[in-house]
Amino acid sequence: MKSVLRIEDLKVYYKTEKGLVRAVDGVSIDLCERESLGIVGESGCGKTTMGYALLRILPSNAVLEGSIKLNGLDLSSLDQKQMEKVRGAKISMIFQDPMTSLNPVMKVRDHFIETIQTHKPEISEEEAERMTANMLRAVGIEPTRMNEYPFQFSGGMRQRVMIALSLVLNPVVVIADEPTTSLDVIVQAQILDLLKSLREKFNMSLILITHDLGVVAELADRVGVMYAGHLVEIGESRDIYYSPKHPYTEALLKSIPNTNIEDKELVYIPGGPPDLADPPKGCRFEPRCPKAMPICSRKEPGVYQVGRSFVKCWLYGEESHVSASKGQ
Ligand code: SF4
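No experiment lies behind these values; they were computed from the predicted model shown. (Residues numbered from 1 in each chain as written. Predicted model: local features only at pLDDT ≥ 70, side-chain atom pairs only at ≥ 80, totals over all residues. Heavy atoms only, no water.)

Moving on, we come to the overall build of the protein chain. For the protein chain, the count of helices and strands is 11 helices and 13 strands. The C-alpha radius of gyration of the protein chain comes to 21 Å, within 12% of the 20 Å expected for a compact globule of 328 residues. Taken over 328 residues, the protein chain has a buried fraction of 51%. For the protein chain, the exposed surface amounts to about 15,300 Å²; the carbon and sulfur share of it is 50%. Across the protein chain, the mean location of the 39 positive side-chain charges is 4 Å away from that of the 43 negative side-chain charges. (Helix = DSSP H or I, 4+ residues; strand = E, 2+ residues; numbered from the N terminus. Rg over C-alpha atoms; globule rule 2.2 N^0.38 Å. Buried < 20%, exposed > 50% of the residue type's maximum accessible area, 1.4 Å probe, protein only. Areas by Shrake-Rupley, 256 points an atom, 1.4 Å probe, with all protein chains shown as cover. Lys, Arg positive; Asp, Glu negative; His and termini not counted. Charge placed at Lys NZ, Arg CZ, Asp CG, Glu CD.)

Here it is, written out as structure tokens:
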């Protein structure tokens, strides 16, 4: 399949009083046409920072390195003015909390008209309104509701509005950052179904950022697991779920509560993620890893191909080596 987004050796460091915080540190990913990629990991692992880096909406104390190529266009080299033309039109984001992303004093219709005409000033208001009606219909909202304000919608309906807004210009890549976190389980399932059907209808590629492995299982073709700014494993969803290779992925899967097994103790990963202002010299998971070996604390592992997956772990040091940072 053709690659649409190529992220190479992406680094995002935040300048803080403590020094540089290495939030994303050498992540490489290829996203294919119409592919759905889940990015999972604990809070603070760098997944949302990576999403923001792809849209170039990082705070001013962030330093970005590496390359982000969207159909050959290097987003990392664009200035903010050039990026404004790309953001929303070619790559867009569905944010965690729709209430804070929508302007409460603007009607839903006006959000759409503004987005459409900012990117395509040649489109008339009537045409933009027609596009809005079509998009709202596609996400299951009666078009007449475009004249209402965001607070008149329920949480699930607001998220549908956000999804419609992120798709109205037919972007190539959509990043959904914890799109169901603030929703109850029934609405969550409806939103996941909606994303699944829209991905097919609009031929888009989707990056789904979440801490919830259940959400990813519903939607993703491939899953990337992040830990402390590193992409530690990436592979096809079924391989990640049924045959995880990295000790962190294994631990993450074991820590999902399973109510079907009686008396099963809830497994947790002892310790906490490292301080990214002063990360361990070797493998960042080493202080918590039950399989750690002497080399793990001394030297950062490379990325190795294991079956169809790519794993950043010394356990596979003899497998075919990819690079110190690369994960396909
Ligand atoms: Fe564990 Fe070593 Fe692999 Fe890190 S490199 S996950 S410490 S075995």
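Checked against the element boundaries, Asp 30 lands in strand E2 (residues 19–32). Here Asp 30 falls in the buried class, since its relative accessible area comes to 12%. Placed 39 residues apart in sequence, Asp 30 and Lys 69 show a C-alpha to C-alpha distance of 9.6 Å. Reaching out from Asp 30, the side chain makes a polar contact with the side chain of Ser 3 at a distance of 3.4 Å. Among the polar contacts made by the side chain of Asp 30, one reaches the side chain of Arg 6 at a distance of 2.7 Å. (Polar contact = N/O pair within 3.5 Å; in protein donor to acceptor, adjacent residues only side chain to side chain.)

Let's shift gears to the sheet that holds E2. Pairing in this open sheet of four strands is antiparallel, and the strands run E2-E1-E4-E5 from one edge to the other. Each end of this open sheet is capped by a strand with a single partner; those strands are E2 and strand E5 (73–74). Summarising the sheet, strand E1 (residues 3–16) and strand E4 (residues 62–70) pair through eight bridges and their orientation is antiparallel. Paired with Lys 11 across the two strands is Glu 65, which belongs to E4. Its contacts with the sheet put helix H1 (residues 47–55) on E1, E2 and E4, and the angle it makes with E1 is roughly 110°. (Pairing = 2+ DSSP bridges. Contact = heavy atoms within 4.5 Å. Axes fitted to C-alpha atoms, helices over the stretch in contact; angles between N-to-C directions.)

Attention now goes to the environment of Leu 183. Residue position: Leu 183 is located in the loop between strand E7 (173–177) and helix H7 (185–202). For the pair Leu 183 and Gly 38, spaced 145 residues apart in sequence, the C-alpha separation works out to 19 Å. Contacts of Leu 183, omitting those with residues within four sequence positions, involve Gly 155, Gly 156, Gln 159, Gln 188 and Ile 191.

So, about unusual backbone geometry. Notably, Arg 34 is not glycine yet its phi reads approximately 60°, a positive angle. In this structure, Arg 34 sits in the loop between E2 and strand E3 (36–40). A positive phi angle, near 55°, is found at Asn 203, a position not held by glycine. Position of Asn 203 among the secondary structure elements: in the loop between H7 and strand E8 (205–210).

With that settled, consider the environment of Leu 206. Within the secondary structure, Leu 206 is located in strand E8. When the C-alpha positions of Leu 206 and Glu 33 are compared, they lie 9.2 Å apart, and in sequence the two are 173 residues distant. For Leu 206, the contacting residues outside a window of four places in its chain are Leu 31, Glu 35, Ser 36, Leu 37, Val 174, Ala 176, Arg 199 and Leu 219.

Between its terminal C-alpha atoms helix H4 (residues 108–119) stretches 18 Å, which fits the 16 Å expected from 12 residues at 1.5 Å a residue. Within H4 the residues assigned to the buried category are Val 108, Arg 109, His 111, Phe 112, Ile 113 and Ile 116. Against the buried residues of H4 lie helix H5 (125–138) and helix H6 (155–167). (Expected span 1.5 Å × (residues − 1).)

Structural measurements only, silent on function.
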